[in-house]
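Given next are the chains, with one letter for each unit.
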Amino acid sequence: MSQYEFSIGTRGSALATTQTGHVAVQLHEISQVAYNTVLVKTEGDVTTGPLSQLGGTGVFAAALRQALLDGSCDMAVHSLKDLPTTQPDGLLIAATPQRADVRDALCARDGLFLAELPEGATVGTGSPRRKAQLLAFRPDLRIVDIRGNVGTRLGRVKGSPAQKDDGGVGRTAQGDLDAVILAAAGLERLGLDSHITEYLDPEIMLPAPGQGSLAVEVRAAGSGHPSVDTALETMDDVDTRLAVTAERALLARLEAGCAAPIGALATVQGDTLVLDSVACSPDGSDTMRRSATTQQLTIDGAQALGITLAEQLLREGAADLAGL
Ligand SMILES: NCc1[nH]cc(CCC(=O)O)c1CC(=O)O
């Protein structure tokens, strides 16, 4: 049985390899099955230019999914928020591990909070969702479209500390922005959370559907290793699964992708699943926040909740508002 091992695919970024490494180690510890890692290059990694203009959704996920389908690997670990809501034939999400911090994080110069940034301060983000919600709260801010990996983005902040051992934060000669916004989960997974100057309250900044959550995807027939399949079941977190199912159902019903100024966050509170959502005009001048709840704590119940809330948003004009 020495050849018995599973093969786990990952993108090459520091965030992707870190996330995949954690999942692989956990699966190995539960199943005692050995593993190997397969590096997969994706279009999102090689294309430069504004993220919001990259062709369609799923640039990060498509190549990983192809590697799964053609048998180059047995499972793939995705950031769920980068995963298109349409599930390809032949693949399924076998586990959504317990979710990390869902919030967006401000990484500002000089320890500043969002409310303390000076009039007209520059904030870097490539996300229309973050841009719109920032401007809704602080219309004076100047939002700068940036992209690149987490370390590159942190390096854009003025006076960001040069550290060789902090995950490759390349200090540009000096930063040019007052702040950037990144997902807290990614920063924490990379051990870079010391750069966070404020965890943004979801009342101000609703995260992307699926933010902070990983998805372990396998072929429909499973990973090919019964004890690894069992380990995947063990790793699946029910509350996370319910929450992200509701958030993604909302996104799918809105026919919106990760480039839309739409935020959503579901949480299990006792016996209730609460779904909060926001649709914004791209310039943040107009926002529509709506919430709904269900006591049906099942996948079907979560899906219905997302669809119901999306349909309410659409009835009230969210498609025109958010440019969907
Ligand atoms: N779009 C890139 C991406 N995909 C997942 C994360 C962070 C981790 C997560 O949200 O699970 C990030 C970076 C970011 O948005 O700051």
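Residues numbered from 1 in each chain as written. Predicted model: local features only at pLDDT ≥ 70, side-chain atom pairs only at ≥ 80, totals over all residues.

**Student:** What is the right way to look at the overall build of the protein chain in this model?
**Tutor:** Along the protein chain, the regular secondary structure elements total ten helices and 13 strands. Taking all 324 residues of the protein chain together, the buried fraction comes to 47%. For the protein chain, the proportion of contacts with a sequence separation of at least 24, taken over those separated by at least 6, is 71%. (Helix = DSSP H or I, 4+ residues; strand = E, 2+ residues; numbered from the N terminus. Buried ≥ 20, exposed ≤ 12 C-beta atoms within 10 Å, placed from the backbone. Contact = placed C-beta atoms within 7 Å.)

**Student:** In this structure, what is going on with the site of the ligand? I would like to understand it.
**Tutor:** Taken together, Ser-79, Lys-81, Asp-82, Val-150, Leu-182, Ala-183, Ala-185, Gly-186, Gln-211 and Gly-212 are the residues near the ligand. Residue assignment for the shell around the ligand shows that the elements contributing at least two residues are strand E8 (179-183) and helix H6 (184-189). Looking at the shell around the ligand residue by residue, the classes come out as four nonpolar, four polar and two charged. In terms of domain composition, the shell around the ligand takes at least three residues from each of domain 1 (5-96 + 213-236) and domain 2 (104-199). (Near = placed C-beta within 6 Å. Nonpolar A, V, L, I, M, F, W, Y, C, P; charged D, E, K, R; others polar. Domains from an automatic or database assignment.)

**Student:** What is the right way to read the sheet that holds E8 from this model?
**Tutor:** Whether parallel or antiparallel, the strands of a sheet pair through hydrogen bonds between backbone atoms. Sheet architecture is open: five strands sit in the order E7-E6-E8-E5-E9, paired in mixed fashion. Among the strands making up the open sheet, the edge pair consists of strand E7 (142-144) and strand E9 (198-199). Pairing of strand E5 (residues 104-108) with E8 involves five bridges; the strand directions are antiparallel. Within the sheet, the bridge partner assigned to Ala-105 lies in E8 and is Leu-182. Taken strand by strand, helix H4 (residues 128-137) contacts E5, strand E6 (122-124), E7 and E8, and its axis lies near 170 degrees from that of E7. (Pairing = 2+ DSSP bridges. Axes fitted to C-alpha atoms, helices over the stretch in contact; angles between N-to-C directions.)

**Student:** Please explain the UniProt feature "domain: Porphobilinogen deaminase C-terminal" (unreviewed entry) in the protein chain as it appears in this structure.
**Tutor:** The residues that UniProt annotates with the feature "domain: Porphobilinogen deaminase C-terminal" (unreviewed entry) are residues 242-314. Helix makes up 38% of residues 242-314 and strand makes up 34%, while its end C-alpha atoms are separated by 23 Å. (UniProt positions renumbered as here; feature names shortened; annotations may be inferred.)

**Student:** How should I be thinking about the nonpolar core in this particular structure?
**Tutor:** Counting 87 residues, the largest nonpolar core has Ala-105, Cys-107, Ala-179, Val-180, Val-216, Ala-246 and Leu-250 as its most contacted members. A per-element tally of this core places helix H8 (residues 238-253) first, with seven residues. If we skip the residues at most four places from it in the chain, Val-216 touches Val-23, Met-75, Val-77, Ile-93, Ala-94, Ala-95 and Leu-232. (Core = buried A, V, L, I, M, F, W, Y, C linked by C-beta atoms within 7 Å.)

**Student:** Help me understand the pairing of strand E2 (residues 34-39), please; the structure alone is not making it clear to me.
**Tutor:** Looking along a regular strand, one sees side chains alternate from face to face of the sheet. In terms of strand pairing, strand E1 (residues 5-10) meets E2 through six bridges, oriented parallel. Paired with Glu-5 across the bridge in E2 is Ala-34. Considered for its hand, the β-α-β crossover made up of E1, helix H1 (residues 14-31) and E2 is right-handed. (Right-handed = clockwise from strand over helix to strand, strands pointing away.)

**Student:** Where do I start with helix H9 (residues 299-315) in this structure?
**Tutor:** Think of an α-helix as 3.6 residues a turn; residues three or four steps apart then line up on the same face. Helix length check: H9 (17 residues) gives 24 Å between terminal C-alpha atoms against 24 Å at 1.5 Å per residue, within 8%. Among the structural elements, H8, strand E12 (272-280), strand E13 (287-294) and helix H10 (318-322) are those in contact with the buried residues of H9. Gly-317 sits one or two positions beyond H9 and adopts a positive phi of about 100 degrees. (Expected span 1.5 Å × (residues − 1).)

**Student:** Is there a simple way to think about the domain arrangement of the protein chain in this case?
**Tutor:** Often, the extent of an interface is quoted as the loss of accessible area upon association of its parts. You can read the domains of the protein chain as domain 1 (5-96 + 213-236), domain 2 (104-199) and domain 3 (245-322). Here the C-alpha centre of domain 3 lies 25 Å away from the C-alpha centre of domain 1.

**Student:** Could you clarify how one ought to interpret the sheet that holds strand E11 (residues 262-269) in this entry?
**Tutor:** Reading across from one edge, E11-E12-E13 is the order of the three strands in this open sheet, with antiparallel pairing throughout. The open sheet is flanked by E11 and E13, the only strands paired with a single partner. Averaged over all neighbouring strand pairs, the angle between strand axes comes to 15 degrees, with direction disregarded. Relative to E13, E12 runs antiparallel, the two being bridged by eight bridges. In the strand pairing of E13, Val-274 is matched with Thr-293.

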